[in-house]
Amino acid sequence: QVQLVESGGGLVQAGDSLRLSCAASGRTFSSYAMGWFRQAPGKEREFVAGISRGGGRTHYADSVKGRFTISRDNAKNTVYLQMNSLTPEDTAVYYCAAGGPNDIVRLTTPDYWGQGTQVIVSS
């Protein structure tokens with residue numbers, strides 16, 4: 001069992017930056033690929049970024065490539081999402097997820113989800 005708790009969301013202006021954090025419980029954090037998803041109002045949840053168990057491989061949605069950076073610190077059981085050059089289109093609830101057994105970098109079947117953190121980007 002893994003519990004995930006996100007933090008770092010908030011209200012920012014277009015062009016600003018935010019860093020989201022996701023703290024995981026349990027001693028097996030390093031055995032999971034980790035990722036971030038988001039869900040905007042009226043839209044389906046979508047994949048944003050993923051990172052491999054050791055942190056050496058990452059994958060991004062085209063919409064955030066070059067602006068967002070995912071990283072992890074296995075010693076701290078934490079995964080991060082650095083978001084730069086934010087636009088109103090990035091407004092969403094952001095969810096942290098722990099990958100399933102077949103997830104290597106791009107999470108398709110997460111086993112665990114956090115409760116989400118709201119990001120609002122004003123124009």
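Described below are features of the structure shown in this document. Quick caveat: nothing in here was measured; it's all calculated off a predicted structure.

1. Things to note about the overall build of the protein
On a plain count of helices and strands, the protein comes out with zero helices and 11 strands. Starting at the N terminus, the α and β elements of the protein follow one another as β-β-β-β-β-β-β-β-β-β-β. What you see for the protein is a C-alpha radius of gyration of 13 Å, in line with the 14 Å of a compact globule of 123 residues. Each of the three principal axes of the protein carries a C-alpha extent, and together these read 40 × 25 × 25 Å. Looking at the protein as a whole, 47% of its 123 residues are labelled buried. Contacts in the protein between residues far apart in sequence, at least 24 positions, make up 58% of those at least 6 positions apart. A gap of 6 Å separates the mean positions of the 12 positive and 10 negative side-chain charges of the protein.

2. Considering the pattern of salt bridges
According to the stated counting rule, one finds four salt bridges in the structure shown. One salt bridge connects Arg-38 with Glu-46, and the closest N-O pair in it is separated by 2.7 Å. Given the relative accessible area of 6%, Arg-38 is considered buried. Residue Glu-46 is classed as partly exposed on the basis of its relative accessible area, which comes to 35%. Put simply, Lys-65 and Asp-62 hold a salt bridge, and the shortest N to O gap is 3.2 Å. Among the residues examined, Asp-62 registers a relative accessible area of 66% and is labelled exposed. Taken together, the shared-partner salt bridges connect Arg-38, Glu-46, Arg-67 and Asp-90 into one network.

3. Focus on unusual backbone geometry
Positive phi, close to 55 degrees, is recorded for Asn-77, a residue that is not glycine. Looking at the element boundaries, Asn-77 is found in the loop between strand S7 (68–73) and strand S8 (78–83). The backbone phi angle of Ser-85 is positive, close to 50 degrees, even though this residue is not glycine. In this fold, Ser-85 is placed in the loop between S8 and strand S9 (92–98).

4. Considerations on the pairing of S9
Counting buried positions along S9 gives six out of seven residues, so the element sits mostly inside the fold. Of the strand pairs in this sheet, strand S4 (residues 34–39) and S9 are connected by six bridges, and their pairing is antiparallel. Along S9, the bridge assignment pairs Met-34 with Ala-98. In the sheet, S9 pairs with strand S10 (residues 112–113) via two bridges, with the strands oriented antiparallel. Pairing of Ala-98 across the sheet is with Tyr-112, part of S10.

Cut-offs used in this document
- Residues numbered from 1 in each chain as written.
- Predicted model: local features only at pLDDT ≥ 70, side-chain atom pairs only at ≥ 80, totals over all residues.
- Heavy atoms only, no water.
- Helix = DSSP H or I, 4+ residues; strand = E, 2+ residues; numbered from the N terminus.
- Rg over C-alpha atoms; globule rule 2.2 N^0.38 Å.
- Buried < 20%, exposed > 50% of the residue type's maximum accessible area, 1.4 Å probe, protein only.
- Contact = heavy atoms within 4.5 Å.
- Lys, Arg positive; Asp, Glu negative; His and termini not counted.
- Charge placed at Lys NZ, Arg CZ, Asp CG, Glu CD.
- Salt bridge = Lys/Arg side-chain N within 4 Å of Asp/Glu carboxyl O.
- Pairing = 2+ DSSP bridges.

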